[in-house]
Amino acid sequence: MYSATEKALIASIWEKVTPHTEQWGGEALERLFAVFPQTKIYFKHVDTSPGSAAIRSHGDKVMKAIGSAAGDLDNMLTTLSSLSNLHAYNLMVDPVNFKLLSHCILVVLANHLPSEFTPEAHLAFDKFLASVAAILSQKYR
Amino acid sequence: MVHWTDEERQAISSTWAEINVEEVGHQALARVLVVYPWTQRYFSTFGNVSNATAIAGNPKVRAHGKRVLDALGDAITHLDNVKATYAKLSQLHSEKLHVDPENFRLLGETLIISLAAQFGAVFTPDIQAAWQKLLAVVTAALSKQYY
């Protein structure tokens, strides 16, 4: 599914994300709420104003989970298994939102890593985030 | 009739004033061809568009990217009437080019990503939101003459 080049691209880009998971994760969520305000429905209990501590901490969580999947591409089903359960049985996030957040994550990567986020890196990441989304929606029905 | 706030108009025009039209157009189109390779089918007359290197160096891709961005400039000049401005373009894409409208959305996404890469921190969430709204309006206008 991933060529050796794609695996290398994902690893090298993610290495640069790791020191910034809280800031960039928070930013991805901030972009999600600004561009797609309907997504705020999942965060009614949380302060979604730009730069809020709650959103930064949640963004950190999301990016770290994505990072663990990125660290073991051949075993994503196992790595994401409990998150898959959570999204299906507890959170019931409409799967359309995974695409929206993936897009915002790609925007954050392009924004902060303009020279590294080449079209080939973009392709590898688009594939990767689509897999993550598919696994998270897998147990919905 | 699309309602634009003053902030949205300002966000769009201030970004547009700084855009390198040829570069961003090329980036956005190249990314579509690389990230969604089935779109290469629409460009069989462009020569070699089969891999990232060929796409990056292909002068027809570059020229077409610029053409697309120039047309976007038209929409920006006529923000209050994009549908009418794009009526002929919409007809062209549906009757002659047979482009599935999903591809307008894909190009919109890669254009946002190309803008994020060019502008860095200046491309704030609110500016992104204004641009995504513009591209949604453009996509709707381009799809209008299909039925």
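Throughout what follows, the structure given in this document is the object of discussion. What you see is a predicted model; the values in this text were computed from it and never measured.

The rules we used
Residues numbered from 1 in each chain as written. Chains lettered and ligands numbered in written order. Predicted model: local features only at pLDDT ≥ 70, side-chain atom pairs only at ≥ 80, totals over all residues. Heavy atoms only, no water. Helix = DSSP H or I, 4+ residues; strand = E, 2+ residues; numbered from the N terminus. Rg over C-alpha atoms; globule rule 2.2 N^0.38 Å. Buried < 20%, exposed > 50% of the residue type's maximum accessible area, 1.4 Å probe, protein only. Contact = heavy atoms within 4.5 Å. Areas by Shrake-Rupley, 256 points an atom, 1.4 Å probe, with all protein chains shown as cover. Lys, Arg positive; Asp, Glu negative; His and termini not counted. Charge placed at Lys NZ, Arg CZ, Asp CG, Glu CD. Buried area = accessible area lost by both parts, 1.4 Å probe. Salt bridge = Lys/Arg side-chain N within 4 Å of Asp/Glu carboxyl O. Polar contact = N/O pair within 3.5 Å; in protein donor to acceptor, adjacent residues only side chain to side chain. Core = buried A, V, L, I, M, F, W, Y, C linked by side-chain atoms within 4.5 Å. Axes fitted to C-alpha atoms, helices over the stretch in contact; angles between N-to-C directions. Parallel < 35°, antiparallel > 145°, perpendicular 65-115°, else oblique. Left-handed = near helix turned anticlockwise from the far one by under 90°. Nonpolar A, V, L, I, M, F, W, Y, C, P; charged D, E, K, R; others polar.

## Here we look at the overall build of chain B
In terms of helices and strands, chain B carries 8 helices and 0 strands. Its helices and strands taken in sequence order, chain B reads α-α-α-α-α-α-α-α from the N to the C terminus. Relative to the 2.2 N^0.38 estimate, which gives 15 Å for 147 residues, the radius of gyration of chain B is 15 Å and therefore close to what a compact globule would have. Counting only C-alpha atoms and orienting by the principal axes, one finds that chain B spans roughly 45 × 40 × 20 Å. When burial is assessed residue by residue, chain B has 49% of its 147 residues classed as buried. Looking at chain B alone, contacts between residues at least 24 apart form 74% of all its contacts between residues at least 6 apart. With the model as given, the accessible surface of chain B reaches about 7500 Å², and the carbon-plus-sulfur share is 55%. For chain B, the centre of its 13 positive side-chain charges and the centre of its 14 negative side-chain charges are spaced 9 Å apart.

## Structural notes on the interface of chain A and chain B
At the junction of the two partners, chain A supplies 19 residues and chain B supplies 20 residues. Taken as a group, H103(A), P119(A) and H122(A) account for 29% of the area that chain A buries against chain B, more than any other trio of residues on that side. At the boundary of chain A with chain B, the tally comes to 0 salt bridges. The interface formed by chain A and chain B contains 6 residue pairs in polar contact (both at pLDDT 80 or more). Elements with a contribution of two residues or more to the side of chain A that touches chain B: α2 (21-35), α6 (96-112) and α7 (119-137) of chain A. Broken down by element, the side of chain A that touches chain B gets its largest block of residues, 6 residues, from α6(A).

## What about the nonpolar core?
It is characteristic of soluble globular proteins that their nonpolar side chains tend to be buried jointly. Of all hydrophobic cores here, the largest spans 78 residues; its most connected members are F125(A), F128(A) and W131(B). Within the second largest apolar cluster, 13 residues are counted, among which are A30(B), V49(B), I55(B) and L106(B).

## Overview of the packing of α2(A) against helix α8 (residues 125-143) of chain B
Relative orientation and spacing of two packed helices are given, respectively, by the angle between their axes and the distance between those axes. The geometry of α2(A) relative to α8(B) is characterised by a closest axis approach of 8 Å and an angle of 40 degrees between their N-to-C directions. If you check the angle between α2(A) and α8(B), you find them oblique. Where α2(A) crosses over α8(B), the handedness of that crossing is right-handed. Facing α2(A), whose interface residues are E30(A), R31(A), A34(A) and V35(A), α8(B) presents P125(B), D126(B), Q128(B), A129(B) and Q132(B). Classifying every residue of the contact of α2(A) with α8(B) gives 4 nonpolar, 2 polar and 3 charged.

## Some thoughts on the pattern of salt bridges
Scanning the model with the defined rule gives 12 salt bridges over all chains in all. Close ionic contact of D60(A) with K64(A) constitutes a salt bridge, the shortest N to O distance being 3.0 Å. With D60(A) and K64(A) both in helix α3 (residues 53-70) and 4 residues apart, the pair spans about one turn of that helix. According to the relative accessible area criterion, D60(A) is buried, its value standing at 16%. According to the relative accessible area criterion, K64(A) is exposed, its value standing at 51%. For R9(B), the salt bridge identified is with D80(B), shortest N-O distance 3.0 Å. Of this pair, R9(B) sits in helix α1 (residues 6-18) while D80(B) sits in the loop between α4 (59-77) and α5 (82-85); the two residues are 71 residues apart in sequence, bridging distant segments of the chain. A single salt-bridge network, built from bridges that share partners, covers E22(B), E23(B) and R62(B).

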